[in-house]
Amino acid sequence: MPPKPIFQPLNFERLDAAEQLRRSREFLRVMRQRRSVRAFSREPVPLALIENAIRAAGSAPSGANQQPWTFVVVSDPALKRRMRQAAEAEEKESYERRMSQEWLEALAPLGTDWQKPHIEEAPYIIVVFRQAYGLDFDADSGAETRSRHYYSEESVGIAVGFLLAALQISGLATLTHTPSPMKFLSEILQRPPNERAFVLIPVGYPAADAKVPAISKKPLGEIMVLR
Ligand code: IYR
């Protein structure tokens, strides 16, 4: 028999209309300042900010509430160095051989290349892993049980959105980096076979002279349709 749902009262904070608009504008103001930063200061970041941002990410909705994510927080310089070296080896191969001309042209306005110094310079690298399926071990026999996960891609994508927003609100800079292929992250970070690297996020303060590409976001009229 499947378990019966247990319900409890919803904890919902009803705001007056003026407060709703104020918060909505303030969130928009802060989120519009978020940029993908590729030049980080080595200045340390309080771990409490990282922990709270991961708590916020962990509050995201997920398929069947399976929470199919693991956030690996890397600050050890030796591990960061290994991740940088492995990422750069893959990226060099991608930029020089694997990526199509069309892809390289799409990326040209961002000015990216295979070099990834941010993986060593940012004080924290959060590597988000997606649990493609559940993996449990029986406490007595050690027998392995696997369970299906539903909508894990969507779930982890939503959680990463929460994570980026939380880090931004906390006054930190981030980059979403997806070196491809990312298998080396499972090995370096010793993750179990059900976990797949989803994205690597350097977190910290921008370098004093950090520059970002002059690009813009589509206006509301181009992205919203009212019916
Ligand atoms: N992963 C490479 C290439 C790259 C791809 C996309 I799509 C971007 O938006 C940015 C970069 C890199 O990190 O350089």
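Residues numbered from 1 in each chain as written. Predicted model: local features only at pLDDT ≥ 70, side-chain atom pairs only at ≥ 80, totals over all residues. Heavy atoms only, no water.

J.: Break down the overall build of the protein chain for me, with residues and values.
T.: Of regular secondary structure, the protein chain possesses eight helices and six strands. The order of helices and strands in the protein chain, counted from the N terminus, is α-α-β-α-α-α-β-β-β-α-β-α-β-α. Dimensions of the protein chain, computed from C-alpha atoms along their principal axes, come out at roughly 55 × 55 × 40 Å. For the protein chain, restricting intrachain contacts to residue pairs at least 6 apart in sequence, the fraction spanning at least 24 positions comes to 80%. Charge centroids of the protein chain, computed over 30 positive and 27 negative side chains, lie 5 Å from each other. (Helix = DSSP H or I, 4+ residues; strand = E, 2+ residues; numbered from the N terminus. Contact = heavy atoms within 4.5 Å. Lys, Arg positive; Asp, Glu negative; His and termini not counted. Charge placed at Lys NZ, Arg CZ, Asp CG, Glu CD.)

J.: Hey, could you go over unusual backbone geometry for me, with residue numbers and the actual values?
T.: Following Ser180, the chain continues into Pro181 via a peptide bond in cis, with omega recorded as -10 degrees. For Pro181, the position within the fold is in the loop between strand 5 (173-174) and helix 7 (183-188). Residues other than glycine seldom take positive phi values, yet Gln67 does so here, at roughly 50 degrees. By relative accessible area, which is 34% here, Gln67 ends up partly exposed. For Tyr151, which is not a glycine, the phi torsion comes out positive at approximately 50 degrees. By secondary structure assignment, the location of Tyr151 is in the loop between strand 4 (144-148) and helix 6 (152-169). (Buried < 20%, exposed > 50% of the residue type's maximum accessible area, 1.4 Å probe, protein only.)

J.: I'd like a description of the layout of surface pockets, backed by residues and values.
T.: In this model, the largest pocket occupies a volume close to 610 Å³. Lining the largest pocket are 25 residues, and of these Arg38, Leu107, Leu110, Thr112 and Thr176 lie nearest its centre. Only helix 1 (17-32), helix 3 (77-98) and helix 4 (101-107) provide two or more residues apiece to the lining of the largest pocket. Looking at which element gives the most residues to the lining of the largest pocket, the answer is helix 3, with four residues. The volume enclosed by the second largest pocket comes to roughly 240 Å³. (1 Å grid on protein atoms, 1.4 Å probe; cavity = no way out; pocket = protein on both sides within 12 Å on 5 of 7 lines; lining within 4 Å. Points joined across faces, edges and corners; volume = space filled by probe spheres on them.)

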